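The residues making up each chain are set out below.
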Amino acid sequence: MKNIITLFLTVVFSISLLANVPNAEKNILIKLNQSTNGSQWKVKWDLNAPVSTWYGVKIQNDKVVGIDLSNNNLVGTLPNEITDLKNLEELNLFKNQISGTIPEKIGKLKNLKELNLSFNKLSGTIPNSICEIPHLNTLMLFMNRLSGELPNQIGNLKELEVVSLFNNELSGQLPASLYELKNLKELVLSSNKFSGQISWNVEKLKSLENLSLFDNKMNGHIPYTIAKLDNLKSVNLAYNSFSGAVSQALAQKEGFNLTMINESGLAFQLEVSSNAKGVLAADE
C-alpha cells in the first residue's frame, strides 16, 4: 500500500512539472529574463526546464499569476510585453537595478493586485493607465527616479490600500481624486517635490493609518480634520512650508514634527493651538 501511495505522489509531482504555461506567456518571461541580464541573476532560470520550476514564478491553472524576483540582481529594462501577462496578480521586482520607464500600457494588467517596483533606477512618469487596474491593492514605487505628477484619476483605484512613492522626484499638487480612496491605509509621499495644499477632503480617508508628506514643497494650513481620522496612528508633515497653528490632537500623533521650512530656506516651528480643533477651525 505504501508503495502505491508513493507511486501515486510521484506521478502527481511529475504531472505538475509537465504542466506548462502557454508558449506566449513563456516567451514573455524569456523576454524579461533577456532584458534584465538573466545570466547574472542571483537565482537563475534554466530556460530548458519547465516554467513551473523557474524561481519566483507562480502558476495557477497553467497561467502565470505571480512574479517575485525581488533582490535578484535584475539589471536592464522592463519589456513592454510584460503587460500581456493577462492573469498576473503580483509583480514584485523590489530592490534590483532596473532602469528605463514603467511600461506605458501597464493598465492592461487588469488582474494585478500588487505592484512593487521599488528600490530600482526607474525614471519617467507614472503612466496614466495604472488607474485602469481595478483591483490594485498595493502600489509601491519608492526609491526610484520617477518624475511628473500623480495621475489625476488615481481615485479610480477603489481597492487601493497602500501608496508608497517616497524618495522620487514627483511634483505637482495632490489630485483631488486621491481623497476618494476610502480603503487607503498608507499614503507615503515623502522626499519628493509635491506642492500645493492638503485638501480639507482629507477627512474622507477614513481608513488611513499612516500619512507621510515629509520633505516636499507643500504649503498652506494643515487641516485640523486630519486629527479626526480615528485610524490614523502616524503623521509626518515636516520640512514643508505649512503655516498657521495645529491642534494638540494632531501634534500628539506619532511621528508628528513641527519643523517647517520658510521661503528663505530656514527652519521654523509651527505653533500648537490650545483650541481643541485649532485656530483654523472657523475656516472649515
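Fair warning: this is a prediction, and the values are worked out from it, not measured in the lab.

What counts and how
Residues numbered from 1 in each chain as written. Predicted model: local features only at pLDDT ≥ 70, side-chain atom pairs only at ≥ 80, totals over all residues. Heavy atoms only, no water. Pairing = 2+ DSSP bridges. Helix = DSSP H or I, 4+ residues; strand = E, 2+ residues; numbered from the N terminus. pLDDT = per-residue confidence, 0-100. Contact = heavy atoms within 4.5 Å. Phe/Tyr/Trp six-rings, centres within 6.5 Å; stacked < 30°, edge-to-face > 60°. Lys NZ or Arg CZ within 6 Å of the ring centre and 35° of its normal. Core = buried A, V, L, I, M, F, W, Y, C linked by side-chain atoms within 4.5 Å. Buried < 20%, exposed > 50% of the residue type's maximum accessible area, 1.4 Å probe, protein only.

**A look at the sheet that holds strand 9 (residues 145-148)**
Moving on, step 1. Strand order across the open sheet formed by 6 strands is 7-9-11-13-15-17, with parallel pairing between neighbours. Edge strands, defined here as strands with exactly one partner in the open sheet, are strand 7 (123-124) and strand 17 (241-243).
Moving on, step 2. Here strand 15 (residues 217-221) pairs with strand 17 via 3 bridges, running parallel. In the sheet register, Asn219 faces strand 17, and the bridge partner there is Ser241.

**Observations regarding the confidence of the model for the protein**
Moving on, step 1. Chain-level statistics for the protein give a pLDDT mean of 91 and a share of 90% at 70 or above.
Moving on, step 2. Note that residues 278-284 has pLDDT below 50 and, in this model, 17 contacts with residues that lie over four places away or in other chains.

**Focus on the packing of aromatic side chains**
What characterises a pair of aromatic rings is the spacing of the ring centres plus the angle enclosed by the ring planes.
Moving on, step 1. Under the counting rule described, the total for this entry stands at 7 aromatic pairs.
Moving on, step 2. Here the aromatic rings of Phe142 and Phe166 are separated by 4.5 Å at their centres, their planes lie at 5 degrees, and the arrangement is stacked. One end of the pair, Phe142, is in the loop between strand 8 (138-140) and strand 9; the other, Phe166, is in the loop between strand 10 (162-164) and strand 11 (169-172), and 24 residues separate them in sequence.
Moving on, step 3. Plain terms: the ring middles of Phe214 and Tyr239 are 5.6 Å apart, the flat faces sit at 75 degrees to each other, and that makes the pair edge-to-face. Of the two residues, Phe214 sits in the loop between strand 14 (210-212) and strand 15 while Tyr239 sits in the loop between strand 16 (234-236) and strand 17, which places them 25 residues apart along the sequence.
Moving on, step 4. The structure contains a cluster of three or more aromatic residues connected by ring pairs, namely Phe94, Phe119, Phe142 and Phe166.
Moving on, step 5. Lys95 extends its terminal NZ or CZ atom over the ring of Phe119, reaching a point 5.7 Å from the ring centre.

**Remarks on the nonpolar core**
Moving on, step 1. Counting residues in hydrophobic clusters, the biggest one holds 71 residues, and the most contacted among them are Ile67, Leu115, Ile222 and Leu237.
Moving on, step 2. Every element with two or more residues in this core is listed here: helix 2 (23-35) and strand 2 (63-68).
Moving on, step 3. The element best represented in this core is helix 2, accounting for 4 residues.
Moving on, step 4. Ignoring sequence-local partners within four residues, the contact set of Ile67 consists of Leu29, Leu32, Gly56, Leu85, Leu88, Glu90, Leu91, Asn92 and Leu93.

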